[in-house]
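Geometric and topological summary
Spelled out, the chains give:
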Amino acid sequence: MLFSTIAVHLCTALGFAAGAFGAGFNEVNDFAKDSGTVEAKADPPLVSFDSLGNMNLVISLINKYRVAHQAPVVNWNSSLAIYAANAAYPCNFRQSHGPYGEILAGSTTVNNPEWFVWFVYGENTSYNFKNPDVTDPRTKHFTQLVWAGTKQVGCAFASGCPELKYQLWCEFFPKGNAGSQLAYRNNVKPADKTKEIPAMPPTNV
């Protein structure tokens, strides 16, 4: 079955991960909006973290889900994207334990980054908007995805990894999934029935 090939993780723990593309980023002041394009290649794996192409489609889809859930759009941040590439490059598919909200999704067969966003958004069906369980790990990807207090995002997509061949890593700042039930109610809103929820993208491109 298709879903047997999918793995997802979410990390919001504090920490730091250095990687193949530099020392990483551990100061909030390092971040500024950046609409430029950056790309790194290695063989294997190939890690792309540009703000155009597939990543542009990923951010567009993230923002469509956010708007549907009454959250402001997030801006692309190339520093976050480089951090995501640092984490993705070793192909370990483990939490980086960095200071950002982190969503990981991987598959042995699915190669469309947009599909991974749709897949983790599907956790919304298990989320209780009126009485949120702030400790439930089954919905942490969804809540980070639409967390209203998050302002910036950067993603990287790895292909050619030996186990989970395709991996999407997204870093969110400020990180979500923090605080009491009140914080969750304020930051994770039900879908606006007047807004269109994007349909499932194709699994492969």
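Look above for the structure.
Described in the following lines is the structure provided in the data block. (Residues numbered from 1 in each chain as written. Predicted model: local features only at pLDDT ≥ 70, side-chain atom pairs only at ≥ 80, totals over all residues. Heavy atoms only, no water.)

Glancing now at the overall build of the protein chain. Along the protein chain, the regular secondary structure elements total five helices and six strands. Counting from the amino terminus, helix and strand elements in the protein chain follow one another as β-β-α-β-α-β-α-α-β-β-α. Looking at the protein chain as a whole, 51% of its 205 residues qualify as buried. (Helix = DSSP H or I, 4+ residues; strand = E, 2+ residues; numbered from the N terminus. Buried < 20%, exposed > 50% of the residue type's maximum accessible area, 1.4 Å probe, protein only.)

If you walk through the whole model with that rule in mind, you get 14 aromatic pairs. A centroid spacing of 6.5 Å and a plane angle of 85 degrees characterise the contact between Phe 93 and Trp 169, whose relative ring orientation is edge-to-face. Highlighted residues: Phe 93 in the loop between helix H2 (78-88) and strand S4 (101-107) and Trp 169 in strand S6 (residues 166-173), separated in sequence by 76 residues. Of the two residues examined, Phe 93 and Trp 169, each falls in the buried class. Seen from their ring centres, Trp 115 and Trp 118 are 5.4 Å apart, and the 50 degrees between their planes marks the pair as tilted. With Trp 115 and Trp 118 both in helix H3 (residues 113-121) and three residues apart, the pair spans about one turn of that helix. By the ring-pair criterion, three or more aromatic residues cluster together here, those being Trp 115, Phe 116, Trp 118, Phe 119, Phe 157 and Tyr 166. (Phe/Tyr/Trp six-rings, centres within 6.5 Å; stacked < 30°, edge-to-face > 60°.)

Turning next to the pattern of salt bridges. Summed over the entire model, instances satisfying the criterion amount to one salt bridge. One salt bridge in this structure joins Arg 138 and Asp 136, with 2.9 Å as the shortest N-O distance. (Salt bridge = Lys/Arg side-chain N within 4 Å of Asp/Glu carboxyl O.)

Take the state of the cysteines next. Counted according to the given criterion, the structure contains two disulfides. Covalently, Cys 91 is tied to Cys 161 through a disulfide, its sulfur atoms 2.1 Å apart. The sign of the -70 degrees torsion about the S-S bond sets the Cys 91-Cys 161 disulfide as left-handed. Of this pair, Cys 91 sits in the loop between H2 and S4 while Cys 161 sits in the loop between strand S5 (152-159) and S6; the two residues are 70 residues apart in sequence, bridging distant segments of the chain. For Cys 161, a relative accessible area of 4% puts it in the buried group. What pairs with Cys 155 in a disulfide is Cys 170, and their sulfur atoms sit 2.1 Å apart. Classification of the bridge connecting Cys 155 and Cys 170 rests on its S-S torsion, roughly 110 degrees, and on that basis the disulfide is right-handed. Of this pair, Cys 155 sits in strand S5 while Cys 170 is found in strand S6, placing the two residues 15 residues apart along the sequence. An identical accessibility class is assigned to Cys 155 and Cys 170; each is buried. If the cysteines joined by disulfides in the protein chain are listed in sequence order, their pairing comes out as 1-3, 2-4. (Disulfide = S-S within 2.5 Å.)

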